[in-house]
Amino acid sequence: MTLDVGARRRRTRDPVLTAITELGSATRADLSRVTGLSRSAVGECVAGLLSDGLIVETMTDEPSGGRGRPATVLRLSSRRGVLLGIDLGHAHVTAAAATSGGEVLAECSGELDVDHCPERALDLAAILAKRALRRSGHRLDEVMGIAAGIPGPLDMRTNVVSAPTILSDWVDLDPAAELEQRLGRAVLVGNDADMGAQGERAFGAARRFDDFLYIKASHGIGAGIVLGGQTYRGSTGIAGEIGHTHIPGASNWCRCGSRGCLETVVSISAVRERLAHVLSTSGSDMDVNLLPPLAELARNSSAARVLTDAGRTIGRVVADLVNCLNPAAIVLGGELGAGGTPFVGGVRESIDRYAQPASANTVQVTAGQLGARAELLGTIATAMRASTLIG
Ligand SMILES: [Zn+2]
């Protein structure tokens, strides 16, 4: 399916579904009159909605057009639907089946090198999605919407992964088409940080905000940008790659091919390395190699300083975004977002120091409420919104 066909379909589906919802029941002629679409466009759209199970067609007792034939009317389907969300991280894949209201019914996970094994990752995503669906007690023909998040930028013009320096083994892949082929249903695909933002907005710390940044700080560091209630993706879909901002004084090579990127200084693996060092020299009995939660490590004062420093470094980059975009909130997610008060405090300090007071004084800085599940729940929230539009 090309982007143009998908966009055209969405443009007709939206008004047709809205008209059916508002009228309660409607004939094709009613829909053509109310929406202003041609009869053939309505006919094509209705056929798609019927085949996806979003609407049903029933007979009425009233004759149609005086010829004694019973009329048929279209109504929204009352059938119980289910949503599928798929979260692809750099090293894991998780799929969940949820009710149309967003309540998770079943969740399945697997670990694998997603960055370097795209085909296997997509295969696993489809297997886990089908498994979660089965465990939820639903069938594929009951699925109302599917969305997936991938750990890299998608070019909105072509639907393919396009940044050769960030997710190089995925370049030229169309993840939506690949997943659609494996699942037999349309799948809406977006960047993982954007999905995290949608998760926190639907179910977590960003529920009150129309203008906020969600910072996913894990192996990579990306920002999901929501402005005026809408996800902002930039002109081609690459916005938010803050992990590749140059940090003065840093010189390590980054996976993007450049040197001194934010990610080389404060990725979760770099921070864990530093934590291991300070814990071993401070005589702590905590073993960072056992990957204890960061909030637990933060009870050690030396470890807390490392987390505060990491927060300050990310906060220095976020402060420029605060100056530029004047958001109402910064929501900190990913593994580092779970670093508790020291990490959040470090980000806050840098914003207070480097952003203009008028913006810094009003922006809230907070940890996400959904932890590692923000991206997955964001795909569910996206599937919920997409359930009436994709096809
Ligand atoms: Zn980089």
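First things first, this report covers the structure right here in the doc. Computed from a prediction, not measured in an experiment: that's the story for all the values here.

**What to know about the overall build of the protein**
Alright, step 1. Across its full length, the protein holds 14 helices and twelve strands.
Alright, step 2. Put simply, the protein has 391 residues, and 52% of those count as buried.
Alright, step 3. Per element, the accessible surface of the protein, about 17,700 Å² overall, is 49% carbon and sulfur.

**Re the pairing of strand 7 (residues 188-191)**
Alright, step 1. Where strand 6 (residues 143-150) and strand 7 come together, four bridges link them in parallel fashion. By the bridge assignment, Ile 150 is partnered in strand 7 with Asn 191.
Alright, step 2. Read as a crossover between parallel neighbours, the route from strand 6 over helix 5 (residues 175-183) to strand 7 is right-handed.

**Considerations on the pattern of salt bridges**
Alright, step 1. Scanning the model with the defined rule gives 16 salt bridges in all.
Alright, step 2. A salt bridge links Asp 141 to Arg 139, with the nearest nitrogen and oxygen atoms 3.1 Å apart.
Alright, step 3. Overlapping salt bridges bring together Glu 119, Asp 123, Glu 178 and Arg 182 as one network.

**Regarding the packing of helix 8 (residues 268-281) against helix 10 (residues 301-325)**
Alright, step 1. Running from amino to carboxyl end, helix 8 crosses helix 10 at an angle of 155 degrees, the nearest separation of the two axes being 9 Å. The angle between helix 8 and helix 10 places the two elements in the roughly antiparallel class. Handedness of the helix 8/helix 10 crossing: right-handed. Facing Val 271, Arg 274, Leu 275, Val 278 and Leu 279 of helix 8, the residues of helix 10 in contact are Ser 302, Ala 303, Val 306, Leu 307 and Ala 310.

**Some points on the coordination of the zinc ion**
Alright, step 1. The protein atoms that coordinate the zinc ion are His 244 (ND1), Cys 254 (SG), Cys 256 (SG) and Cys 261 (SG), at distances spanning 2.0 to 2.4 Å.
Alright, step 2. Here the zinc ion binds four donor atoms, and the angle range of 104 to 122 degrees at the metal identifies the geometry as tetrahedral.

**Regarding the environment of Ile 314**
Alright, step 1. Structurally, the position occupied by Ile 314 is in helix 10.
Alright, step 2. A relative accessible area of 0% places Ile 314 in the buried class.
Alright, step 3. Considering only alpha carbons, one finds Ile 314 and Arg 348, 34 residues apart in sequence, at a separation of 9.9 Å.
Alright, step 4. Sequence-distant contacts of Ile 314, defined by excluding residues within four places in its chain, comprise Ile 215, Ala 217, Ile 221, Leu 262, Val 266, Leu 336 and Phe 343.

**Quick look at the packing of helix 2 (residues 28-35) against helix 3 (residues 39-51)**
Alright, step 1. Remark: helix 2 packs on helix 3, axes separated minimally by 9 Å, with the N-to-C direction vectors making an angle of 120 degrees. Viewed along their axes, helix 2 and helix 3 adopt a mutual orientation that is oblique. Between helix 2 and helix 3 lies a crossing of right-handed hand. Residues Arg 28, Ala 29, Leu 31, Ser 32 and Thr 35 of helix 2 lie in contact with helix 3, whose contacting residues are Arg 39, Val 42, Val 46 and Leu 50.
Alright, step 2. The residue makeup of the contact of helix 2 with helix 3, split by class, is five nonpolar, two polar and two charged.

**Re unusual backbone geometry**
Alright, step 1. Backbone geometry places Asn 159, a non-glycine residue, at a positive phi of 75 degrees.
Alright, step 2. Along the chain, Asn 159 falls in the loop between strand 6 and helix 5.
Alright, step 3. Residue classification places Asn 159 among the partly exposed residues on the basis of a relative accessible area of 25%.
Alright, step 4. The backbone of Asp 172 sits at a positive phi, close to 75 degrees, despite the residue not being glycine.
Alright, step 5. Summarising the element assignment, Asp 172 is placed in the loop between strand 6 and helix 5.
Alright, step 6. By relative accessible area, Asp 172 is classed as exposed at 64%.

**Some points on the side chain of Thr 382**
Alright, step 1. Structurally, the position occupied by Thr 382 is in helix 14 (residues 374-386).
Alright, step 2. Thr 382 sits in the buried class, given a relative accessible area of 6%.
Alright, step 3. Leave out the neighbours within four places in its chain, and Thr 382 touches Ala 147, Leu 188, Met 195 and Gln 198.

**Considering the sheet that holds strand 8 (residues 212-217)**
Alright, step 1. If you walk across this open sheet you meet the five strands as 10-9-8-11-12, and the pairing is mixed. Looking at strand neighbours, the two that pair on one side only are strand 10 (230-231) and strand 12 (364-367), the edges of this open sheet.
Alright, step 2. Examined bridge by bridge, strand 11 (residues 329-333) and strand 12 share four bridges and lie parallel to one another. What sits directly across from Val 331, in strand 12, is Thr 366.
Alright, step 3. Against the sheet, helix 10 makes contact with strand 8, strand 9 (221-227) and strand 11, and its axis sits at roughly 160 degrees relative to strand 8, the strand it touches most.
Alright, step 4. The strands that helix 12 (residues 340-354) touches are strand 11 and strand 12; relative to strand 12, the one it contacts most, it runs at about 160 degrees.

Conventions and cut-offs
Residues numbered from 1 in each chain as written. Predicted model: local features only at pLDDT ≥ 70, side-chain atom pairs only at ≥ 80, totals over all residues. Heavy atoms only, no water. Helix = DSSP H or I, 4+ residues; strand = E, 2+ residues; numbered from the N terminus. Buried < 20%, exposed > 50% of the residue type's maximum accessible area, 1.4 Å probe, protein only. Areas by Shrake-Rupley, 256 points an atom, 1.4 Å probe, with all protein chains shown as cover. Pairing = 2+ DSSP bridges. Right-handed = clockwise from strand over helix to strand, strands pointing away. Salt bridge = Lys/Arg side-chain N within 4 Å of Asp/Glu carboxyl O. Axes fitted to C-alpha atoms, helices over the stretch in contact; angles between N-to-C directions. Parallel < 35°, antiparallel > 145°, perpendicular 65-115°, else oblique. Left-handed = near helix turned anticlockwise from the far one by under 90°. Contact = heavy atoms within 4.5 Å. Donors = N, O, S within 2.8 Å, 3.2 Å for Na, K, Ca; no water. Tetrahedral: all angles 85-135°; square planar, octahedral: opposite > 155°, others 65-115°. Nonpolar A, V, L, I, M, F, W, Y, C, P; charged D, E, K, R; others polar.

So yeah, pure geometry; function would need other evidence.
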